[in-house]
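One-letter residues, chain by chain:
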Amino acid sequence: MSFITIKSTVEIENNATLVAVSKTRSNDQILAIYNQGQRIFGENRVQELIGKKDALPQDIIWHIIGSLQKNKVKFIAPFIEMIHSVDSFDLAKTIDKEAAKNHRKIKVLLQVKIANEYTKQGFDIEDLILSLKNEDWSSLKNIVICGVMGMGTLVANDVQTRSEFQNLNNHFNLLKLQYFSNNPEFKEISMGMSGDYEIALEEGSTMVRIGSALFQD
Ligand SMILES: *Cc1c(COP(=O)(O)O)cnc(C)c1O
């Protein structure tokens, strides 16, 4: 069992990956966390990310975690490591095309709706399954589909949050079995934020996205 400790308040047990969510934080705040050894940072706005990337150390590994418009993909395609928020085949196609132009592969997660808030981004699981059946995902050679991402209901009790994360874990297992059994890269379950990452880890999260608990001020 390994521990990543950034601040005493955030101690990630087991082998989960910590994505430090740095949206709205200053470069100095990000550098302070970077200097403690953190390398993976997540942003949800392309414009903000582009501005930060040039000013910060070049070995930072950037993830996009928020909803992404197709016309913004070209700005991040040269460097983005992972996009957590793929919620349509069209977006996946665009990422694939821009990755190809840059002669690289971009890792993506399929965002699945698990919260009962109807505004939340992501595929309904039934729609995702239809899309995987009917659309030619395997033709997208420049993306690597690494798993799923989900966000629990923001204002929820622990019982509800836990059951939403269990649902995402079940969706992951079903997708793995039916569509990605030959894809060893399909192994990530991105779930858990500052308020619920402990439950997420108990329910099988492999990646937690934590902002406010890391950057306290
Ligand atoms: C902001 C954000 C987070 C981090 O939220 P905190 O509560 O600050 O930890 C995680 N995931 C997504 C998609 C976000 O937009």
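Residues numbered from 1 in each chain as written. Predicted model: local features only at pLDDT ≥ 70, side-chain atom pairs only at ≥ 80, totals over all residues. Heavy atoms only, no water.

Kindly report on the overall build of the protein chain, identifying the contributing residues and their values.
A count of helices and strands for the protein chain gives seven helices and 10 strands. Here the C-alpha radius of gyration of the protein chain, 17 Å, is about what a compact globule of 217 residues would show, namely 17 Å. Once the C-alpha set of the protein chain is aligned to its principal axes, its extents read approximately 45 × 45 × 35 Å. Taken over 217 residues, the protein chain has a buried fraction of 50%. Long-range contacts, defined as pairs at least 24 residues apart, comprise 58% of the intrachain contacts of the protein chain with a sequence gap of at least 6. (Helix = DSSP H or I, 4+ residues; strand = E, 2+ residues; numbered from the N terminus. Rg over C-alpha atoms; globule rule 2.2 N^0.38 Å. Buried < 20%, exposed > 50% of the residue type's maximum accessible area, 1.4 Å probe, protein only. Contact = heavy atoms within 4.5 Å.)

I'd like to hear about the site of the ligand, residue by residue, with values.
The ligand sits among Val21, Lys23, Ile65, Met151, Met193, Ser194, Arg209, Ile210, Gly211 and Ser212. At 2.5 Å, a side-chain N or O of Ser194 approaches an oxygen atom of the ligand. One nitrogen or oxygen atom from the main chain of Ser212 is found 2.8 Å from an oxygen atom belonging to the ligand. Contact with the protein chains covers 85% of the free accessible surface of the ligand, which is 380 Å². Here the shell around the ligand is built from residues that sort into five nonpolar, three polar and two charged. (Near = heavy atom within 4 Å. Polar contact = N/O pair within 3.5 Å; in protein donor to acceptor, adjacent residues only side chain to side chain. Areas by Shrake-Rupley, 256 points an atom, 1.4 Å probe, with all protein chains shown as cover. Nonpolar A, V, L, I, M, F, W, Y, C, P; charged D, E, K, R; others polar.)

If you had to explain helix α2 (residues 46-55) to someone new, which residues and values would you point to?
All buried positions along α2 are accounted for by Val46, Leu49, Lys52 and Lys53. Angular distribution of buried residues about the axis of α2 spans 130°; they occupy a single face of the element. Exposed and oriented more than 90 degrees from the buried face of α2 are Gln47, Asp54 and Ala55. Looking at the buried residues of α2, the elements they touch are α1 (27-34), β4 (40-43), β5 (61-64) and α3 (73-76). (Arc of directions from axis to C-beta.)

Residues and numbers for the packing of aromatic side chains, please.
Summed over the entire model, instances satisfying the criterion amount to five aromatic pairs. A centroid spacing of 6.1 Å and a plane angle of 45° characterise the contact between Phe41 and Trp62, whose relative ring orientation is tilted. Taken as a pair, Phe41 in strand β4 and Trp62 in strand β5 lie far apart in primary sequence, 21 residues in all. Residue Phe41 shares its accessibility class with Trp62, and that shared class is buried. An aromatic cluster is defined as three or more aromatic residues linked by ring pairs; in this entry it consists of Phe89, Phe123 and Trp137. Positioned over the ring face of Tyr34 is Arg39, at 3.6 Å from the centre of the ring. (Phe/Tyr/Trp six-rings, centres within 6.5 Å; stacked < 30°, edge-to-face > 60°. Lys NZ or Arg CZ within 6 Å of the ring centre and 35° of its normal.)

Which residues make up the side chain of Arg209, and what values do they have?
Within the secondary structure, Arg209 is located in strand β10 (residues 207-210). Buried Arg209, no salt bridge; nearest opposite-charge side chain is Asp196, N-O distance 6.8 Å. In this structure the side chain of Arg209 is engaged in a polar contact, spanning 3.5 Å, whose partner is the backbone oxygen of Gly150. Once residues within four sequence positions are removed from consideration, Arg209 is found in contact with Val19, Val21, Ile65, His84, Met149, Gly150, Met151, Ser190, Met191, Gly192, Met193 and Ser194. (Lys, Arg positive; Asp, Glu negative; His and termini not counted. Salt bridge = Lys/Arg side-chain N within 4 Å of Asp/Glu carboxyl O.)

I'd like a rundown of the environment of Leu68, residues and numbers included.
Of note, Leu68 is situated in the loop between β5 and α3. Ignoring sequence-local partners within four residues, the contact set of Leu68 consists of Val46, Val73, Ile76, Ile83, Ser85 and Leu91.

A description of the environment of Gly51 should follow, citing residues and the corresponding values.
Among the structural elements, Gly51 can be located in helix α2. Classification of Gly51 by relative accessible area gives partly exposed; the value is 48%. It is 37 Å that separates the C-alpha atoms of Gly51 and Tyr179, two residues lying 128 residues apart in sequence.

Please provide a residue-by-residue account of the packing of helix α5 (residues 125-134) against helix α6 (residues 158-179), values included.
Between α5 and α6, the shortest axis-to-axis distance is 12 Å and the interhelical angle comes to 15°. When the axis of α5 is compared with that of α6, the two are roughly parallel. In this structure, the crossing between α5 and α6 has a hand that is right-handed. The segment α5 lies against α6, with Ile125, Leu128, Ile129, Leu132 and Lys133 engaging His171, Leu174, Leu175 and Tyr179. Here the contact of α5 with α6 is built from residues that sort into seven nonpolar, one polar and one charged. (Axes fitted to C-alpha atoms, helices over the stretch in contact; angles between N-to-C directions. Parallel < 35°, antiparallel > 145°, perpendicular 65-115°, else oblique. Left-handed = near helix turned anticlockwise from the far one by under 90°.)

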